[in-house]
Amino acid sequence: MGNFSNSISERFRHARIKEGYCVICGNFGKLSQDHVPPKGSITITKVEQRHVNEMMDVKSAKVKGLMSPNGSKFKTICGKCNNEHLGKNDIEIARVNKLLTQKIRDHITHPLNNHITVSISPVKYARAMIGHILSATSVTECKQPIKESPYFDALRSFVLGDDCALDNTHGIYYWFYPFSMHISSKMVGFNNEGHFACLSLLSFYPIAFMVTEKSKGIFPEHARELRLTDRSLTLDLTKHGFEYAEFPFIELQGNRFMALTDYQSIVSYPIKK
């Protein structure tokens, strides 16, 4: 039995609950399922979920992941947060992804420019993306009231409607993500040559979206900053950034290291029917 249990992803332990504390507003009650990535932004398929640390383990191929027939889901937020604060803004994620995907297809057939640009409503887009980052975690976090945290308090306030909550606390960066698997990480501590920052991430084709502590300067070299006053979003499609497309889950060289809680970092593998 011991060997069998070791072959099952720990994700199974962090996915079943009916009611608890919403990880966004903190209210106790019935919890609803949140799709991460949100419906409309991707093609919903059967997926297999594992923890990122299992993905990075050389033995991960033997680990059985948590299966879902209709996308990667997390039951950690209340219906009000899901519908009002995320759902109504998910439309912007879907619109941006549709435009980006079409422009990437056009680029493949007529590669005239390695940079593609689309219009964006940055507050709506960021509010939904950050909301999904907060929700993509373990039901363990729903079993106790929310604790104060300078890092997460600002993110929650922004999702709940405070447009200025991130002005002095967080920066947002994004880059081209050319892979089919989805990665979400509520919190990673990353050290790069003596510089340390807390990061949060949501990556799914064709974009990686990262939130980090303001002015800490830890992000891929080819990433662009998203300001909440921007009117457009630009992706660099050149291959020179592919090595770091899965940042921060990259090969650690020199004085680089990271720290994370396993159940806060999830990878989902879409399974085509």
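Above this text is the structure in question.
Quantities reported herein were computed from a predicted structural model and do not represent experimental measurements.

Draft legend 1. Molecular detail of the sheet that holds strand β1 (residues 19-21). The strand order across the open sheet formed by three strands is β1-β2-β5, and the pairing between neighbours is antiparallel. Across the chains shown, the open sheet's two edge strands, defined by having one partner strand only, are β1 and β5 (73-78). Strand after strand, the sheet turns through a mean of 60° between neighbouring axes, direction not considered. Taken together, the three bridges between β1 and strand β2 (residues 28-35) define a ladder with antiparallel strand orientation. Looking at the pairing, E19 lines up with K30 of β2.

Draft legend 2. The arrangement of the nonpolar core in detail. Ranked by size, the top nonpolar core spans 52 residues in total, and within it I24, Y125, I130, F209 and L235 carry the most contacts. Those residues in contact with I24, other than ones at most four positions away along the chain, are I77, C81, L86, G131, L134, I146, R156, V159 and L160. Within the second largest apolar cluster, 20 residues are counted, among which are A197, L201, A208 and A223.

Draft legend 3. Region of interest: the environment of I44. For I44, the location among the structural elements is in the loop between β2 and β3 (46-51). When neighbours within four sequence positions are excluded, I44 is seen to be in contact with H35, K39, N70 and G71.

Draft legend 4. Structural detail: helix α5 (residues 150-159). Among the ten residues that make up α5, seven are buried, leaving the element largely enclosed by the rest of the structure. Every buried residue of α5 is accounted for by Y151, F152, A154, L155, R156, F158 and V159. Taken from the residues just after α5, G161 is the one with a positive phi, measuring 125°.

Draft legend 5. Just the pairing of strand β14 (residues 265-271), in detail. Pairing of β3 with β14 involves six bridges; the strand directions are antiparallel. Note on β14: the bridge partner recorded for R50 is V267. Here four bridges tie strand β8 (residues 182-192) to β14, and the two strands are oriented antiparallel to one another. What sits directly across from H182, in β14, is S268.

Draft legend 6. Here's a closer look at helix α4 (residues 122-135). Between its first and last C-alpha, α4 extends 20 Å over 14 residues, near the 20 Å set by a 1.5 Å rise per residue. Counting buried positions over the 14 residues of α4 gives 13, a clear majority of the element.

Draft legend 7. Region of the structure containing the state of the cysteines. Enumeration over the complete set of coordinates arrives at zero disulfides. Of the cysteine sulfurs around C164, a residue in no disulfide, the closest is that of C81, at 20 Å. A relative accessible area of 52% means that C164 is categorised as exposed.

Draft legend 8. Structural detail: the packing of aromatic side chains. Within this structure, the stated rule accounts for nine aromatic pairs. When the ring of Y125 is compared with that of F209, the centres are 6.0 Å apart and the planes differ by 65°; the resulting orientation is edge-to-face. Here the residue Y125 occupies a position in helix α4, and F209 occupies one in strand β10 (residues 207-213), the gap between them amounting to 84 residues. F209 shares its class with Y125; the two are buried. On the numbers, 5.9 Å between centres and 55° between planes, the contact of F176 with F242 is tilted. Residue F176 is located in strand β7 (residues 170-176), and its partner F242 is located in the loop between β12 (232-236) and β13 (256-260); the two are separated by 66 residues in the primary sequence.

Draft legend 9. Just the layout of surface pockets, in detail. A volume near 600 Å³ is recorded for the largest pocket. As for the largest pocket, its lining consists of 23 residues, and the residues nearest its centre are S41, I42, T43, T101 and Y205. Among the elements that take part in the lining of the largest pocket, helix α3 (residues 79-109) stands out by supplying six residues, more than any other. When grouped by side-chain class, the residues that make up the lining of the largest pocket number ten nonpolar, ten polar and three charged.

Cut-offs applied
- Residues numbered from 1 in each chain as written.
- Predicted model: local features only at pLDDT ≥ 70, side-chain atom pairs only at ≥ 80, totals over all residues.
- Heavy atoms only, no water.
- Pairing = 2+ DSSP bridges.
- Helix = DSSP H or I, 4+ residues; strand = E, 2+ residues; numbered from the N terminus.
- Axes fitted to C-alpha atoms, helices over the stretch in contact; angles between N-to-C directions.
- Core = buried A, V, L, I, M, F, W, Y, C linked by side-chain atoms within 4.5 Å.
- Buried < 20%, exposed > 50% of the residue type's maximum accessible area, 1.4 Å probe, protein only.
- Contact = heavy atoms within 4.5 Å.
- Expected span 1.5 Å × (residues − 1).
- Disulfide = S-S within 2.5 Å.
- Phe/Tyr/Trp six-rings, centres within 6.5 Å; stacked < 30°, edge-to-face > 60°.
- 1 Å grid on protein atoms, 1.4 Å probe; cavity = no way out; pocket = protein on both sides within 12 Å on 5 of 7 lines; lining within 4 Å.
- Points joined across faces, edges and corners; volume = space filled by probe spheres on them.
- Nonpolar A, V, L, I, M, F, W, Y, C, P; charged D, E, K, R; others polar.

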